[in-house]
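Structural overview
Listed below, chain by chain, are the residues.
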Amino acid sequence: MVSPLCHATLKTLQRWEQVLLRRLELYEGPPQDFITIPTTEEALSAGPAILRHKALLEPTNTPFKSKQSSTLPVKRLWQYLVKQEGIQETFIRHIFTKKRSLNETEADLVSSGGRARIVHKESDIITAFAANRNCIAIASSHDIQELDVSAILATQIYSWIDDDFEMENKGPDDFLVVHTRDDLSAVQSSTPYTHSNPGTPLNMPWLGGVQTGRGASVMIKKQIKDVRRMASHPTLPYYLTGAQDGSVRMFEWGHAQQITCFRTGGNSRITRIKFNHQGNKFGVMDADGFISLYQTNWKYSAASGSPPKPYLTWQCHNKTANDFVFISSSSLIATAGQSGDNRNICLWDTLVTPAKSLVHAFTCHDSGATVVAYAPKNQLLISGGRKGVICLFDLRQRLQRHAFQSHDSAVKAIAVDPTEEYFVTGSAEGNIKVWSLSTFGLMHTFLNEHARQSIFRNIGTGVMQIETGPANHIFSCGADGTVKMRLLPDRFSTANDLLKSEVKFVL
């Protein structure tokens, strides 16, 4: 079990970190002669971008020029901090960033609403993905692939100083440029980055593997067919898969074999899997309208020799259930589905008896609700339906606050920005739209982002999953067989400030 107070404390620390990073981005960069850095000509001739930043690790290269003994403690602190993997990215970004002109910035960030990058591409539909720092697992109809995307992210982090040089060498396709493993061999012996052992959260593993040709390398392929849903544990190196046959399995990152099977095949297909924010439990929803809650502590079941069993199961919708979300301390759950009485969004209290667990039901979404998301700061529940309508509910008053037509087809995915400035929706036709959470106005539209280019359109077409990350990053997958990463401009910033918000997010 995880204390809600400890969880709230960690969340507060995380928010403070984000505030401090934003404050750092307000500056125009370091002053002149902050530290000794190579010139542009020297940088371009030094090989891979990461080698050009070795000056940051030199013991005598610090901002503190004084030779007095009183400066030795702060110099030692500087040398310690620049070698810490967790903040090394921040040092490099703010010291080596190359300033660009206002005209160049406006050209990049015009009505397109940001830049998209293809992380991975398949010939088949990508039905789901799960992310763990620098690794991402993707699911298709024939297998699960764990991809190492650290080379993508490291290349982006270490190439701000020579963006112009990189752009000249890019091809016509909008794929990320990745150095080969040979380019990085010298880096491994000259930087604090080390190989990560399987089963641990991966930071900068620089693992080998087969290059996909789209900017990521395949680490492991698992022959698990027809996986429809995935969920990554918020803190531990585990992820869950839910398949068309109703099976639910848990895997550890970097391992080919499953840890345990929470639910065997032969059941109703899985429509959603989610961990709660604390990670001590998760929920499994199926197409028959049932939801089951499990404890994440699978080791207890393994020690006792009995298969894991849910500690609570109930039918939340009598036709079908499509999505759910944990509310607040995770004892309250909101579900989205289709019921005969049209009560398609329901709130359930898991601490009371099943007969009294239904706290409130909203009558909405003709033909059923497909997705639901929660904005905790605003106490808003956001749902999407089969007819493309978005509904917003105030949980404090338990009233429907707003409803509007967002798409011409079913809403397939919803994600809320961590700062709750906006939310993102994806449709069955493959479009992605960004909406303001305060005014509910349309901010950006990305047409055919995941549209399947085929005359044979089926139920699986369109956007399958959307996730949001820090610094206005959006990750999505869908019927076109791609996983994409998109960076949105900050609507509250000037064009010059938009450059400073382009912090590359490490999965």
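Model, not experiment: these values are computed from the prediction. (Residues numbered from 1 in each chain as written. Predicted model: local features only at pLDDT ≥ 70, side-chain atom pairs only at ≥ 80, totals over all residues. Heavy atoms only, no water.)

1. Remarks on the sheet that holds strand E7 (residues 227–232)
Going by this rule: Two strands pair if DSSP finds at least two bridges between them. Helix numbers and strand numbers start at the N terminus; a helix is a DSSP run of H or I with at least 4 residues, a strand a run of E with at least 2. Lines fitted to C-alpha atoms define the axes here, with helix axes fitted over just the stretch in contact, and angles between the N-to-C directions of these axes take values from 0 to 180 degrees.
Read from one edge to the other, the open sheet built from four strands follows the order E7-E8-E9-E10, with strand pairing classed as antiparallel. Whereas interior strands pair on both sides, the edge strands pair on one side only; in this sheet they are E7 and strand E10 (258–263). Strand-to-strand twist across the sheet, computed as the mean angle between neighbouring axes with direction ignored, equals 20 degrees.

2. Some thoughts on the environment of Val 82
The test is simple: Only protein chains enter the calculation, and the probe is 1.4 Å; a residue is then buried if its accessible area is under 20% of its type maximum, exposed if over 50%, and partly exposed in between.
Checked against the element boundaries, Val 82 lands in the loop between helix H3 (72–81) and helix H4 (85–96). Note on Val 82: relative accessible area 0%, which makes it buried. Separated by 26 residues in the primary sequence, Val 82 and Leu 56 have C-alpha atoms spaced 7.2 Å apart.

3. Let's talk about the side chain of Ser 383
Rule in force here: Within 3.5 Å is the distance limit for a polar contact, defined as a pair of N or O atoms, with the added protein rule that one can donate a hydrogen and the other accept it, and that residues adjacent in sequence qualify only through two side-chain atoms.
Residue placement: Ser 383 occurs in strand E20 (residues 380–385). Overall, Ser 383 belongs to the buried group, its relative accessible area being 0%. A distance of 2.7 Å separates polar atoms of two side chains, one belonging to Ser 383 and the other to His 365.

4. What about the sheet that holds strand E24 (residues 422–427)?
Ordered by their spatial adjacency, four strands build an open sheet running E23-E24-E25-E26, and the pairing between neighbours is antiparallel. Looking at strand neighbours, the two that pair on one side only are strand E23 (411–416) and strand E26 (442–446), the edges of this open sheet. Strand after strand, the sheet turns through a mean of 15 degrees between neighbouring axes, direction not considered.

5. Topic: the side chain of Ser 427
Under the convention used in this document: Any two residues whose heavy atoms approach within 4.5 Å are treated as being in contact.
Among the secondary structure elements, Ser 427 is positioned in strand E24. Note on Ser 427: relative accessible area 0%, which makes it buried. Ignoring any residue separated from it by four or fewer positions in sequence, one finds Ser 427 in contact with His 407, Ser 409, Ala 410, Val 411, Lys 412, Gly 462 and Val 463.

6. Regarding H4
This is how it is decided: For a helix, the expected span equals 1.5 Å multiplied by the residue count minus one.
With 12 residues, H4 ought to run about 16 Å at 1.5 Å a step, and its terminal C-alpha atoms sit 17 Å apart, in line with that. Listed as buried for H4 are Gln 88, Glu 89, Phe 91, Ile 92, Arg 93, His 94, Ile 95 and Phe 96.

7. Comments concerning the environment of Gly 388
The residue Gly 388 is located in the loop between E20 and strand E21 (389–394) in this model. A residue is classified by how much of its surface remains accessible, and Gly 388, at 0% relative accessible area, is buried. Measuring from C-alpha to C-alpha, the distance between Gly 388 and Asp 408 comes to 5.6 Å, with 20 residues separating the pair along the chain. Apart from the residues within four sequence positions on either side, Gly 388 is in contact with Phe 404, Gln 405, Ser 406, His 407, Ser 409, Ala 410 and Val 411.

8. Some thoughts on the pattern of salt bridges
The condition that has to hold: We define a salt bridge as a side-chain nitrogen of Lys or Arg found within 4 Å of a carboxyl oxygen belonging to Asp or Glu.
Summed over all chains, the structure comprises eight salt bridges. The residue Asp 323 makes a salt bridge to Lys 274 at a minimum N-O spacing of 3.3 Å. Of this pair, Asp 323 sits in strand E15 (residues 320–327) while Lys 274 sits in strand E11 (residues 270–275); the two residues are 49 residues apart in sequence, bridging distant segments of the chain. A residue is classified by how much of its surface remains accessible, and Lys 274, at 22% relative accessible area, is partly exposed. Taken together, the salt bridges that share partners define one network made up of Arg 272, Lys 274 and Asp 323.

9. Brief notes about the packing of aromatic side chains
Note on aromatic pairs: each is described by the distance of the centres and the angle between the planes. Put simply, the rule reads: Between rings of Phe, Tyr and Trp, where Trp is taken as its six-membered ring, a pair exists when centres lie within 6.5 Å; planes separated by under 30 degrees are stacked, by over 60 edge-to-face, and by other angles tilted.
All told, the structure shown has 13 aromatic pairs when counted by the stated rule. Ring plane angle 80 degrees and centroid distance 5.6 Å describe the contact between Phe 324 and Phe 326, whose orientation is recorded as edge-to-face. Summarising the burial analysis for this pair, Phe 324 and Phe 326 share the class buried. Ring centres 4.8 Å apart and planes at 55 degrees place the aromatic pair Phe 404 and Trp 435 in the tilted group. In this pair, Phe 404 is assigned in strand E22 (residues 399–405) and Trp 435 in strand E25 (residues 432–436), connecting sequence segments 31 residues apart. Just as Phe 404 is buried, Trp 435 falls in that class too.

10. Quick word on the pairing of strand E12 (residues 281–286)
Along E12, six of the six residues are buried, which leaves the element largely enclosed by surrounding structure. Neither face of E12 is exposed, since Lys 281, Gly 283 and Met 285 on one face and Phe 282, Val 284 and Asp 286 on the opposite face are all buried. As paired strands, E11 and E12 are joined by five bridges and run antiparallel to one another. Bridge pairing links Arg 272 to Met 285 in E12. Count of turn residues in the E11/E12 antiparallel hairpin: five residues, of which Gly 279 carries a positive phi of about 85 degrees. Bridge count between E12 and strand E13 (residues 290–295): five bridges; the pairing is antiparallel. Of the residues in E13, the one forming a bridge with Phe 282 is Tyr 294.

11. Section: the packing of helix H1 (residues 4–25) against H4
Condition: Throughout this description, any angle smaller than 35 degrees is read as roughly parallel, any larger than 145 degrees as roughly antiparallel, any in the 65 to 115 degree range as roughly perpendicular, and the remainder as oblique. Note on convention: near helix rotated counterclockwise from far helix by under a right angle means a left-handed crossing. Clockwise means right-handed. Any residue that is not Ala, Val, Leu, Ile, Met, Phe, Trp, Tyr, Cys, Pro, Asp, Glu, Lys or Arg is counted as polar, Gly included; the first ten are nonpolar and the last four charged.
As a packed pair, H1 and H4 sit with axes 11 Å apart at the nearest point and diverge in direction by 15 degrees. With respect to H4, the element H1 is oriented roughly parallel. Note on packing geometry: the crossing formed by H1 with H4 is right-handed. Contact residues: H1 offers Leu 21, Leu 24 and Glu 25, while H4 offers Thr 90, Arg 93 and His 94. Residue classes in the contact of H1 with H4 are distributed as two nonpolar, two polar and two charged.

12. Section: the confidence of the model for the protein
For clarity, the cut-off: pLDDT is defined as a per-residue confidence score from the predictor, taking values between 0 and 100.
Confidence along the protein averages 77 in pLDDT terms, with 73% of residues attaining 70 or more. Between residues 100–112, whose pLDDT stays under 50, and residues either more than four places distant or in other chains, the model counts 15 contacts. Predicted confidence for residues 492–507 stays below pLDDT 50, and this span has 59 contacts to residues more than four positions away or in other chains.

13. Structural notes on a nonpolar patch on the surface
Basically, it comes down to this: Patch building starts from residues that exceed 30% relative accessible area and form no salt bridge, then joins like charges within 9 Å and nonpolar side chains (Val, Leu, Ile, Met, Phe, Trp, Tyr) within 5 Å. Here, Shrake-Rupley sampling with a 1.4 Å probe gives the accessible areas, and only protein chains in the shown set may cover a residue.
The grouping of Leu 10, Leu 13 and Trp 16 at the surface amounts to a nonpolar patch, some 360 Å² of accessible area in total. Along the polypeptide, Leu 13 turns up in helix H1.

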